[in-house]
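Results of the structural survey
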Amino acid sequence: MTLVKMKDILAHAEENQYGVGAFSVANIEMVMGAIRAAEELRSPLILQIAEVRLKHSPLNIIGPAMVAAAKAATVPVAVHFDHGLTEEKIQEALEIGFSSIMYDGSHHPLEKNIAETKKMASIACEYGATVEAEIGQVGGSEDGSVDLEVLITSTEEAKRFAAETGIDALAIAIGNAHGMYKGEPNLRFDRLEEINGELDIPLVLHGGSGISGNDFRTCIRHGIRKINVATATFNTVVEMVNVQTPFKDYFSYHDSVIEAAGENVKRHMEMFQSVGRLKGDKAHV
Ligand code: 13P
């Protein structure tokens, strides 16, 4: 088990038709909660942190903790750098031992996105790390600082992007958005199905918080293999901590954060059908 390449986790998910949760963490308690949940449910796990969140959780502190926790886990865990924006931070994550990076050039015109993604992919390749990139535009923004409109991924552009960059996984925009959805999410399954029919790499769904179990199942049926969840974990922690206030001491609070993060991870792993899906595990189905 231990720290593995995201590519290998996604290949197993593809072979067995399920989704793998990529859970964003902001502190060591969330790292512990996510790993405990994965161990309890015997599920593969992707632990991640996005570049915009490093102002709260510096990479040189949380990064080594994520890698150490993954190495000690009894289930396969990939450690992923989410929404990498700069070469400097992507390189730092790789040096720390992240087994996967996302370069997010979705804000660039196609040609520039292709050129920059190729550059970051060649750096990641030196470390044997998996590469995810994005085309189209997921709504909202990772940290809620801007409200980007959704630009649905074009199938033709996705085909060209995947072929020219040689990436391992592609994040697409099908109406999904970061943060909680304002109304019911309205996902373009027709486009997902079309893209999945043309590409043979795993597809990634960002903005997992607030999507229903039914919609997740449809996405998984049509090739989504990695599903990102951030806001739901942060909100579950805040809600659970608020209910229990006042705490009798610091460590009751600390334990509540671990438990809340773990509960949210478990809830999503059930929806993603990744429970008991370990290679060689007795429980494997
Ligand atoms: P949510 O915050 O909507 O779960 O999105 C997470 C995400 O896509 C991280 O990249």
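Cut-off values and rules
Residues numbered from 1 in each chain as written. Predicted model: local features only at pLDDT ≥ 70, side-chain atom pairs only at ≥ 80, totals over all residues. Heavy atoms only, no water. Axes fitted to C-alpha atoms, helices over the stretch in contact; angles between N-to-C directions. Helix = DSSP H or I, 4+ residues; strand = E, 2+ residues; numbered from the N terminus. Parallel < 35°, antiparallel > 145°, perpendicular 65-115°, else oblique. Left-handed = near helix turned anticlockwise from the far one by under 90°. Contact = heavy atoms within 4.5 Å. Nonpolar A, V, L, I, M, F, W, Y, C, P; charged D, E, K, R; others polar. Buried < 20%, exposed > 50% of the residue type's maximum accessible area, 1.4 Å probe, protein only. Pairing = 2+ DSSP bridges. Near = heavy atom within 4 Å. Polar contact = N/O pair within 3.5 Å; in protein donor to acceptor, adjacent residues only side chain to side chain. Areas by Shrake-Rupley, 256 points an atom, 1.4 Å probe, with all protein chains shown as cover. 1 Å grid on protein atoms, 1.4 Å probe; cavity = no way out; pocket = protein on both sides within 12 Å on 5 of 7 lines; lining within 4 Å. Sits in = over half its atoms within 2 Å of the grid points. Points joined across faces, edges and corners; volume = space filled by probe spheres on them. Phe/Tyr/Trp six-rings, centres within 6.5 Å; stacked < 30°, edge-to-face > 60°.

**Some thoughts on the packing of helix α2 (residues 28–41) against helix α3 (residues 59–72)**
- Running from N to C, α2 and α3 cross one another at 20°; their axes reach a closest spacing of 10 Å. Between α2 and α3, the crossing angle belongs to the class labelled roughly parallel. When you trace α2 past α3, the crossing you get is right-handed. Across the interface between the two elements, Val-31, Ile-35 and Glu-39 from α2 touch Ala-65, Met-66, Ala-69, Ala-70 and Ala-72 from α3.
- Residues belonging to the contact of α2 with α3 are distributed by class as follows: seven nonpolar, no polar and one charged.

**Observations concerning the pairing of strand β6 (residues 130–135)**
- Of all the six residues making up β6, six are buried; the element is thus mostly covered by neighbouring parts of the structure.
- Going residue by residue along β6, you find Thr-130, Glu-132 and Glu-134 tucked away on one face and Val-131, Ala-133 and Ile-135 tucked away on the opposite face as well.
- With four bridges joining them, strand β5 (residues 100–103) and β6 adopt parallel strand pairing. If you follow Ile-101 over to β6, its bridge partner there is Val-131.

**A look at the site of the ligand**
- Residues in close proximity to the ligand total 15 residues, the closest being Asp-82, Gly-207, Ser-209, Ala-230 and Thr-231.
- The contact in question runs from an oxygen atom of the ligand to an N or O atom on the backbone of Gly-179, over 2.9 Å.
- The contact in question runs from an oxygen atom of the ligand to an N or O atom on the side chain of Thr-231, over 2.5 Å.
- Protein contacts shield 100% of the accessible area of the ligand, which totals 300 Å² for the unbound molecule.
- Among the cavities detected, the one that contains the ligand is the largest cavity.
- Listed by contribution, the elements that provide at least two residues to the shell around the ligand are β4 (76–84) and β9 (224–229).
- A per-class count over the shell around the ligand returns three nonpolar, ten polar and two charged.

**Some remarks on the packing of helix α4 (residues 87–96) against helix α5 (residues 110–126)**
- α5 packs onto α4 with a crossing angle of 20° between their chain directions and a minimal axis gap of 10 Å. Taken together, α4 and α5 sit at an angle that is classed as roughly parallel. Like other packed secondary-structure pairs, α4 and α5 cross with a definite hand, here right-handed. Here α4 contributes Glu-87, Ile-90, Gln-91 and Leu-94 to the contact with α5, which in turn contributes Lys-119, Met-120, Ile-123 and Ala-124.

**A look at empty space enclosed by the protein**
- Following the criterion strictly, the structure yields two cavities of 30 Å³ or more and no others.
- When its volume is computed, the largest cavity comes out at roughly 100 Å³.
- In terms of lining residues, the largest cavity is bounded by 16 residues, among which Glu-142, His-178, Gly-207, Asn-228 and Ala-230 are the most central.
- Elements with a contribution of two residues or more to the lining of the largest cavity: β4 and β9.
- Looking at the lining of the largest cavity residue by residue, the class counts come to three nonpolar, eleven polar and two charged.
- Quantified by volume, the second largest cavity comes out at close to 30 Å³.
- Surrounding the second largest cavity, Phe-23, Ser-24, Val-25, Met-30, Ala-34, Thr-233, Ala-261 and Val-265 form its lining.
- Of the residues assigned to the lining of the second largest cavity, the class counts are six nonpolar, two polar and no charged.

**Re the packing of aromatic side chains**
- Counting across every chain of the model gives five aromatic pairs.
- Judged by centre distance (6.1 Å) and plane angle (80°), the rings of Phe-81 and Phe-98 are edge-to-face. Highlighted residues: Phe-81 in strand β4 and Phe-98 in the loop between α4 and β5, separated in sequence by 17 residues. Summarising the burial analysis for this pair, Phe-81 and Phe-98 share the class buried.
- Between Phe-216 and Phe-272, the aromatic rings sit 4.8 Å apart at their centres with planes inclined by 85°, giving edge-to-face as the arrangement. Highlighted residues: Phe-216 in helix α8 (residues 213–221) and Phe-272 in helix α10 (residues 250–272), separated in sequence by 56 residues.
- Look at Phe-216 and you get buried, because its relative accessible area is 0%.
- Taken together, Phe-247, Tyr-250, Phe-251 and Tyr-253 form an aromatic cluster joined through their ring pairs.

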